[in-house]
Amino acid sequence: MAGHIQDRWYRTETGADGKSVKVKTDRHGAGLRYRARYIGPDGTEKSKSFPDKQKRKAETWLANTEADMSRGDYIAPEAGKVTFEQYATKWMRTQMTDPATRESVEMRLRLHAIPHIGKRPIGSFNPTHLRLWMRVLEDAGLSAAYRRGIFAHVSTVFTAAVEDRIIRANPCSARSVKAPRLDPRKVKPWSAERVKSVRTELPARYQALVDPAAGCGLRQGEVFGLAVEDVDFLGGVVHVTRQVKLLHNRPVFAPPKGGKERDVPLPESIAFALAGHLTQFPAAEVTLPWKTLDGPPMTATLIFRSPEGLSLNRNRFNHRQWRPALVAAGVATGRDNGMHALRHFYASVLLDAGESIKALSEYLGHHDPGFTLRTYTHLMPASETRTRSAVDAVFGNQGATDDGPDTAQRGS
């Protein structure tokens, strides 16, 4: 064993007869008696002290520590003393995700995690601390979906700490710690009349914004980033290649959500609406940095711009144009009635027309058709209806013939 156990109450000396004898030290009877000492992987000496009559426990601890080092499972005793705030701050600086995603994660941790659990050493967390913290967020009135996102970010920080050999286990993975359940709300798509009513109440230069959102399923940022060169009017296709995002409330061009470019069918009615808009409000070039505020400049001939010729800012647009249009149309303002409702309308129209989940998923730019199915399955025609329709399509015309059941009875 490379380490050893030091008895701090006694020291060994050589007596006059040349034999070793134990002599009491100045510490005898005071403080912890045994100190287990070893050399850590970083070459420095580590130790842990134990009280009198616990030499066997000290030996067991030392043996387990050395076994951990040999297996590569060793965690330095001082590692867990770093606070959650210190480690999370360091972790955030190492993230390579999309800048807007990083900004969102940093904001959530800064506002809802660090003020409550930031000062606690990361190695001292137990499930109770996290359950209490989640209750604080619930009492603050945050939605279940928002709390679930915050919980996921904190759990990711703890997972990184496990991988960095800071702690042994993620306390968020304890069976008694559960992520908030999502509200069992189903998407309620708008009616065509509501879509048209809200469109009419928007200022003239913004009315056609509704068309690629409700008629092609584009997200708000993708509509804001739609350029003339992205629309194939003759081929009937919209190439979704960019969006306008906000970083620290400043606009940048960025790839669509998840970095997934896609092609979406362009219905003739939507093409005419866009062409009419361009006649009244010609497109113009707008230059923004790509992906980050200091990214390379990128220029696109945007179809939708502000009166000043700038790219649209979602915060200003939602506050100054979208919400007043909802109020004027008699639609309640709120998260369920943002521009995203137009994507839900698009999905409901396609499903009602019999489009497949796989195709809808591709048109919406979802990462997984399973997500599309979970979101919109309640909008799909009931299986009983599909079954009756399928059978009627085959046998529906036979009622007029003389080959039915009655004919067989008369012939018997």
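Rules behind the numbers
Residues numbered from 1 in each chain as written. Predicted model: local features only at pLDDT ≥ 70, side-chain atom pairs only at ≥ 80, totals over all residues. Heavy atoms only, no water. Salt bridge = Lys/Arg side-chain N within 4 Å of Asp/Glu carboxyl O. Buried < 20%, exposed > 50% of the residue type's maximum accessible area, 1.4 Å probe, protein only. Helix = DSSP H or I, 4+ residues; strand = E, 2+ residues; numbered from the N terminus. Contact = heavy atoms within 4.5 Å. Expected span 1.5 Å × (residues − 1). Arc of directions from axis to C-beta. Axes fitted to C-alpha atoms, helices over the stretch in contact; angles between N-to-C directions. Parallel < 35°, antiparallel > 145°, perpendicular 65-115°, else oblique. Nonpolar A, V, L, I, M, F, W, Y, C, P; charged D, E, K, R; others polar. Polar contact = N/O pair within 3.5 Å; in protein donor to acceptor, adjacent residues only side chain to side chain. Phe/Tyr/Trp six-rings, centres within 6.5 Å; stacked < 30°, edge-to-face > 60°. Lys NZ or Arg CZ within 6 Å of the ring centre and 35° of its normal. Core = buried A, V, L, I, M, F, W, Y, C linked by side-chain atoms within 4.5 Å. Pairing = 2+ DSSP bridges. Patch = residues over 30% accessible without salt bridge, like charges linked within 9 Å, V, L, I, M, F, W, Y side chains within 5 Å. Areas by Shrake-Rupley, 256 points an atom, 1.4 Å probe, with all protein chains shown as cover.

Q: Please provide a residue-by-residue account of the pattern of salt bridges, values included.
A: One pass over the full model with this rule turns up 13 salt bridges. Residue Arg37 is joined to Glu45 by a salt bridge in which the shortest nitrogen-to-oxygen separation is 2.9 Å. Since its relative accessible area comes to 19%, Arg37 is described here as buried. Asp211 is the partner of Arg199 in a salt bridge, and the nearest nitrogen-oxygen pair spans 2.7 Å. In this pair, Arg199 sits in helix α7 (residues 192–201) while Asp211 sits in helix α9 (residues 210–216), placing the two residues 12 residues apart along the sequence. Here the salt bridges share partners, and the residues they tie into one network are Asp7, Arg33 and Asp52.

Q: Pulling in residues and values, what's your account of the environment of Ala113?
A: Secondary-structure assignment places Ala113 in the loop between α3 (99–112) and α4 (114–117). In this structure, Ala113 is in contact with Phe84, Arg108, Gly118, Trp133 and Val154, ignoring residues within four places of it in sequence.

Q: Tell me about helix α1 (residues 55–71), and please be specific about residues and values.
A: The end-to-end C-alpha separation of α1 is 24 Å, in line with the 24 Å expected for 17 residues at 1.5 Å each. The complete set of buried residues in α1 reads Ala58, Leu62, Thr65, Glu66 and Asp68. The buried side chains of α1 occupy one side of the element, clustering within an arc of 155° when seen end-on. The outward face of α1, more than 90 degrees from its buried face, is lined by the exposed residues Arg56, Lys57, Ser70 and Arg71. Residues of α1 that are buried make contact with β1 (4–7), β4 (34–39) and β5 (45–50). Remark: Gly72 follows α1 within two positions and exhibits a positive phi of approximately 85°.

Q: Go over the packing of helix α14 (residues 357–364) against helix α15 (residues 369–376) with me, naming the residues and quoting the values.
A: Describing two packed helices takes the angle between their axes plus the distance from one axis to the other. With their axes 9 Å apart at the nearest point, α14 and α15 run at an angle of 105° to one another. The orientation of α14 with respect to α15, classified from their angle, is roughly perpendicular. Together, Ile357, Leu360, Ser361 and Leu364 of α14 and Pro369, Thr372, Leu373 and Tyr376 of α15 make up the contact between the two elements. Of the residues contributing to the contact of α14 with α15, the split by class is 6 nonpolar, 2 polar and no charged.

Q: Go over the side chain of Thr372, please, and point to the residues and values.
A: In this fold, Thr372 is placed in helix α15. Within the local environment of Thr372, its side chain forms a polar contact with the side chain of Ser361, the two groups lying 3.2 Å apart. Sequence-distant contacts of Thr372, defined by excluding residues within four places in its chain, comprise Ile357, Leu360, Ser361, Leu364, His366 and Thr377.

Q: Quick rundown of the packing of aromatic side chains? Include the residues and the values.
A: Following the criterion strictly, the structure yields 8 aromatic pairs and no others. Taking 6.2 Å as the distance between ring centres and 65° as the angle between the ring planes, the aromatic pair formed by Phe84 and Phe125 counts as edge-to-face. Highlighted residues: Phe84 in helix α2 (residues 84–93) and Phe125 in the loop between α4 and α5 (127–139), separated in sequence by 41 residues. When the centroid spacing of 5.5 Å and the interplanar angle of 80° are considered together, the rings of Phe224 and Phe317 count as edge-to-face. On the criterion of sequence distance, the pair formed by Phe224 in helix α10 (residues 220–224) and Phe317 in helix α12 (residues 314–328) is long-range, its members being 93 residues apart. No difference in accessibility class separates Phe224 from Phe317, as the two residues are buried. Among the aromatic residues, those joined into a ring-pair cluster are Tyr38, Phe50 and Trp61. Its guanidinium or amino end placed over the ring of Tyr10, Lys22 lies 5.9 Å from that ring's centre, counting from NZ or CZ. A cation over an aromatic ring shows up here: Arg120 above the ring of Phe125, its NZ or CZ 5.9 Å from the ring centre.

Q: Let's hear about the nonpolar core: which residues, and what values?
A: With 54 residues, the main nonpolar core has Trp190, Trp322 and Leu342 as its most contacted residues. Sorting elements by how many residues they give to this core places helix α13 (residues 340–352) first, with 7 residues. The residues contacting Trp322, other than those within four sequence positions of it, are Trp190, Val198, Leu202, Val210, Phe317, Asn337, Gly338, Met339 and Leu342. Of all hydrophobic cores here, the second largest spans 38 residues; its members include Ala58, Phe84, Trp133 and Ala161.

Q: Which residues make up the sheet that holds strand β6 (residues 231–232), and what values do they have?
A: Read from one edge to the other, the open sheet built from 3 strands follows the order β6-β7-β10, with strand pairing classed as antiparallel. Each edge of the open sheet carries a strand with a single partner, namely β6 and β10 (262–265). Where β6 lies against strand β7 (residues 237–240), 2 bridges are found, and the strand directions are antiparallel. In the strand pairing of β7, Val231 is matched with Val238.

Q: Requested: an account of α13, with residues and values cited.
A: Over its 13 residues, α13 extends 19 Å from the first C-alpha to the last, a length consistent with the 18 Å expected when each residue adds 1.5 Å. The buried fraction of α13 amounts to 10 of the 13 residues, a majority that puts the element mostly inside the structure. For α13, the full list of buried residues reads Ala341, Leu342, Arg343, His344, Phe345, Tyr346, Ala347, Ser348, Leu350 and Leu351.

Q: Before we move on, can you summarise the sheet that holds β5 with the specific residues and values?
A: Either a parallel or an antiparallel arrangement is found when strands of a sheet pair, and the pairing is made through backbone hydrogen bonds. In space, the 3 strands of this open sheet follow the order β1-β4-β5, with antiparallel pairing throughout. A single partner strand is all that each edge strand has here, and the edge strands are β1 and β5. Strand after strand, the sheet turns through a mean of 25° between neighbouring axes, direction not considered. Bridge count between β1 and β4: 4 bridges; the pairing is antiparallel. Bridging from a neighbouring strand, Asp7 pairs with Tyr34 of β4. Lying on the sheet, α1 is in contact with β1, β4 and β5; it crosses β4 at an angle near 15°.

Q: Help me get a handle on a nonpolar patch on the surface, residues and values and all.
A: Taken together, the side chains of Val391, Val394 and Phe395 present a nonpolar region at the surface, about 290 Å² in accessible area. Assignment of secondary structure puts Val394 in helix α16 (residues 383–395).

Remember, this is a structural readout, not a statement about activity or role.
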